[in-house]
Each structure stands twice: as structure tokens, then as C-alpha cells.
Amino acid sequence: MADTFRLTLAQLNPTVGDLDGNAAKARQAWEEGKSAGVHMVALPEMFITGYQTQDLIRKPAFVADAMRHIEALAQACADGPVLAIGGPVLEDERLYNAYFYLSAGQIKTRFDKHFLPNFNVFDEVRLFNRGPLRGPSAIGNDGPRMGSPICEDAWYPDVCEALSESGAEVLLVPNGSPYFRDKFPIRMMNMVARVIETGKPLVYLNMVGGQDDQVFDGGSFVLNPSGKLMVQLPVFDEEIRHVDFCRTDKGWEAVDGNKAMFPQTVEQDYRAMVESLRDYMGKTGFKKVLLGLSGGIDSAIVACIAADALGPDNVRCVMLPSEYTSQSSLDDAADVANRLGCS
């Protein structure tokens with residue numbers, strides 16, 4: 001019986017609708033994990049389609065194409081570690097937000113999201129059906145039994161409790177959790193509650209990147225059964241990290257690893273604005289922006305965000321003076337453009 005288990009966390013940035021591109025990212029992460037000798041490579045919630053898909057997910061042809069990409073990944077990644085990836089599945093005319101474990105050329109296990117968020121930016125009750133509770137899945141012949149509560153499922157005790165009681169030894173939680181100010185402590189508080197309740201280590205894997213009016217901040221982490229933080233990934237950056245677990249007389253525990261330091265709150269707010277603009281532009285194909293520069297603070301901040309997101313060569317600032325515009329406003333606007341290197 002093996003006493004070690006290695007898991008790759010792929011905190012990556014998918015693009016909604018880009019099935020080929022997202023599948024290629026998943027395959028590259030799997031190749032890196034395979035080279036590192038891992039037993040499992042994990043990607044976030046709904047990674048194959050990107051998140052959130054909104055009404056795109058209601059197109060049967062799109063869902064079918066997403067499943068073809070999942071099945072193709074299973075075939076392509078048959079001779080190595082298990083690949084865990086999120087995507088939609090249509091079964092008996094019911095659509096689920098699912099998470100797949102791919103192994104030996106096929107879909108070995110599927111978890112369906114049970115708690116569907118229906119508040120703020122989320123509208124999943126309208127888009128998906130509520131999935132049933134399922135038991136865990138063994139990884140290999142002697143690895144841990146894994147269970148995957150999907151995002152919202154880990155914010156309540158029910159799904160984690162059901163997985164633990166049916167034999168799960170490690171909880172892997174794939175997420176598409178968008179940023180808001182000081183959200184990380186709220187996430188951590190809820191995940192610590194789950195590990196204290198279940199006595200199982202928990203892996204919180206979040207995506208990064210912007211999609212329309214949302215930006216996902218990553219910040220993935222690993223907790224041991226005591227609630228102790230063992231591994232911490234950075235916020236907003238893509239990263240592939242290998243995490244080790246060992247079997248003890250008390251069960252599986254994560255090995256202490258690198259812990260990224262977080263920027264302060266205001267810097268995270270600013271980074272969220274930069275990343276959301278950069279990804280909105282990049283994922284829709286826009287390359288340049290035009291903005292009015294008044295000489296005031298608001299437009300100066302907008303110009304800074306745009307220059308950091310897109311590069312100053314892709315930002316054009318325009319002054320539209322009137323009879324009421326002071327010379328100092330014109331001077332300040334010109335100074336901002338010059339300092340940023342924008343035309």
C-alpha cells in the first residue's frame with residue numbers, strides 16, 4: 001500500500017466558449033503533472049467551457065461538443081495520472097454542472113453540483129439541475145478515496161459530510177469563485193469548518209481570469225484535518241503546483257509546502273480591475289482603447305488601469321476642452337499621458 005500521493009493543482013484561466021483552447025490548457029497541465037510523477041491533475045469548475053457560460057450552456061450542440069472534448073481528453077490522457085476537470089453534462093434531458101475524473105481512457109467518476117447558487121452574479125438554478133449526492137472515488141489501486149464537492153457544495157456541510165461518511169479520505173473542491181473585496185477570509189472560514197467537521201484534508205482549487213463583469217482571483221489552498229494551512233497559491237496569477245500527501249495512522253495529510261503572500265486589499269482591488277479589463281479585451285479580440293482624460297483623478301486612474309492591462313501603446317487618451325476647462329486640467333491630463341507613455 002502506497003504511503004504517498006501527489007496531486008497537481010492547475011490554477012488556470014479558461015476562456016468561455018473556447019473548447020479547443022481550454023482543452024489544450026488542460027492537456028498541458030496534465031503533461032506537466034505526468035512529468036512530475038503525480039497521481040492526479042486537477043482543474044477548476046466548468047474548465048472545459050470556461051465560466052460563467054450564461055445562456056451559452058443552454059445550447060445542446062455546445063454541451064455535446066464540450067462532452068466530446070472531455071472524452072477526447074480522456075483518450076489523450078489515458079497513459080498517466082488521473083485528470084480531474086469540470087464541464088457540463090446532459091443526462092435524461094437534465095443538465096448538470098459536473099466534475100469528471102478521467103482515467104485509463106474513460107470517464108471513471110462524475111460528481112454533479114448539488115447546491116446551485118442563485119444570488120448576486122449567479123443564476124445556476126435556471127441553467128442547471130440539482131445533482132444527487134455521490135460517494136468518493138479511489139485514485140489508483142492504493143491512493144486515497146477522493147470526493148469533489150463543487151464550489152457552492154463546500155459552503156454547506158451536507159455534501160462534504162455525505163462524502164466523508166461514504167469513505168472519502170481527501171476532499172478536492174473545484175471552484176469558479178469570483179473576487180470581491182476581502183472574500184478570501186470568508187472562503188477560508190467556510191473551508192476550515194468543513195475540515196473540522198469531516199476530519200479530512202481539503203484542497204480548494206479556484207480559477208483565475210476575467211469573464212465579462214466577473215474576475216476570478218485564484219488563491220487556491222490546501223488544509224489539513226486540523227484546519228492548518230499547508231499550501232497557498234497566489235491570487236490572480238496562473239500557476240501549476242504539485243502538492244504531496246502522506247498516509248499517517250490518522251489518515252491522509254498534506255505535506256507542508258510553499259505559501260504565497262497576498263498583496264494588501266487595495267492592491268488586490270487594483271489587480272482585479274487590471275485583470276478584468278485585460279481579459280475582457282483579450283477574450284473578445286479587442287486590442288486598443290480610447291478614453292477621455294480630463295485632468296481629474298477618476299480618468300487618471302482609468303488611464304493607469306488601461307496602460308497596465310494593455311500596455312501604453314494600446315491606449316489613446318483624448319482631451320475635449322470646453323470654455324470652462326482650466327489650463328491646469330489640460331496640463332494635468334497631458335502630464336498623465338506623458339508619464340504613462342500613452343499617446
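Residues numbered from 1 in each chain as written. Predicted model: local features only at pLDDT ≥ 70, side-chain atom pairs only at ≥ 80, totals over all residues. Heavy atoms only, no water.

(A) Here's a closer look at the packing of helix 1 (residues 19-35) against helix 2 (residues 60-76). Across the interface, helix 1 lies against helix 2 with an axial gap of 11 Å and an inter-helix angle of 25°. Taken as axis vectors, helix 1 and helix 2 run roughly parallel relative to one another. Handedness of the crossing formed by helix 1 with helix 2: right-handed. Here Leu19, Asp20, Ala23, Ala26, Arg27 and Trp30 of helix 1 lie close against helix 2, whose contacting residues are Phe62, Asp65, Ala66, His69, Leu73 and Ala76. (Axes fitted to C-alpha atoms, helices over the stretch in contact; angles between N-to-C directions. Helix = DSSP H or I, 4+ residues; strand = E, 2+ residues; numbered from the N terminus. Parallel < 35°, antiparallel > 145°, perpendicular 65-115°, else oblique. Left-handed = near helix turned anticlockwise from the far one by under 90°. Contact = heavy atoms within 4.5 Å.)

(B) A look at the pattern of salt bridges. Under the defined criterion, the tally for this structure stands at 24 salt bridges. One salt bridge connects Arg6 with Asp244, and the closest N-O pair in it is separated by 2.8 Å. Of this pair, Arg6 sits in strand 1 (residues 4-11) while Asp244 sits in strand 14 (residues 239-248), placing them 238 residues apart in sequence. Two residues, Asp55 and Arg126, come together in a salt bridge whose shortest N-O distance is 2.7 Å. Of the two residues, Asp55 sits in the loop between strand 2 (40-42) and helix 2 while Arg126 sits in helix 3 (residues 124-127), which places them 71 residues apart along the sequence. Residue Asp55 is classed as partly exposed on the basis of its relative accessible area, which comes to 42%. Several salt bridges converge on common partners, so that one network encompasses Glu91, Arg110, Asp112 and Arg134. (Salt bridge = Lys/Arg side-chain N within 4 Å of Asp/Glu carboxyl O. Buried < 20%, exposed > 50% of the residue type's maximum accessible area, 1.4 Å probe, protein only.)

(C) Structural view of the side chain of Glu275. Relative to the helices and strands, Glu275 resides in helix 6 (residues 265-284). When sequence neighbours within four positions are dropped, the list of residues in contact with Glu275 reads Gly210, Val215 and Phe236.

(D) Up close: helix 6. Taking 1.5 Å as the rise per residue, helix 6 with 20 residues should run 28 Å; its terminal C-alpha atoms sit 28 Å apart, in good agreement. Gln268, Asp269, Ala272, Val274, Glu275, Asp279 and Met281 are the residues of helix 6 that are buried. The positive-phi residue at the C-terminal boundary of helix 6 is Gly285, with phi of around 95°. (Expected span 1.5 Å × (residues − 1).)

(E) Main features of the packing of aromatic side chains. The tally for this structure, following the rule as stated, stands at eleven aromatic pairs. Seen from their ring centres, Phe115 and Tyr156 are 4.8 Å apart, and the 45° between their planes marks the pair as tilted. Placement of the pair is Phe115 in the loop between strand 5 (106-112) and helix 3 and Tyr156 in the loop between strand 7 (145-147) and helix 4 (157-165), with a sequence separation of 41 residues. Exposure remark for Phe115: the relative accessible area of 16% places this residue in the buried category. Given a relative accessible area of 35%, Tyr156 falls into the partly exposed group. Seen from their ring centres, Phe184 and Phe262 are 4.8 Å apart, and the 80° between their planes marks the pair as edge-to-face. Of this pair, Phe184 sits in helix 5 (residues 184-198) while Phe262 sits in the loop between strand 15 (251-254) and helix 6, and the two are 78 residues apart along the sequence. (Phe/Tyr/Trp six-rings, centres within 6.5 Å; stacked < 30°, edge-to-face > 60°.)

(F) Quick look at the sheet that holds strand 8 (residues 170-175). If you walk across this open sheet you meet the six strands as 6-7-8-9-12-13, and the pairing is mixed. Each end of this open sheet is capped by a strand with a single partner; those strands are strand 6 (137-138) and strand 13 (229-232). Summarising the sheet, strand 7 and strand 8 pair through two bridges and their orientation is parallel. Bridging across to strand 8, Met146 finds its partner in Val170. Along the sheet, helix 5 makes contact with strand 8, strand 9 (202-206), strand 12 (221-223) and strand 13, crossing strand 12 at roughly 30°. (Pairing = 2+ DSSP bridges.)

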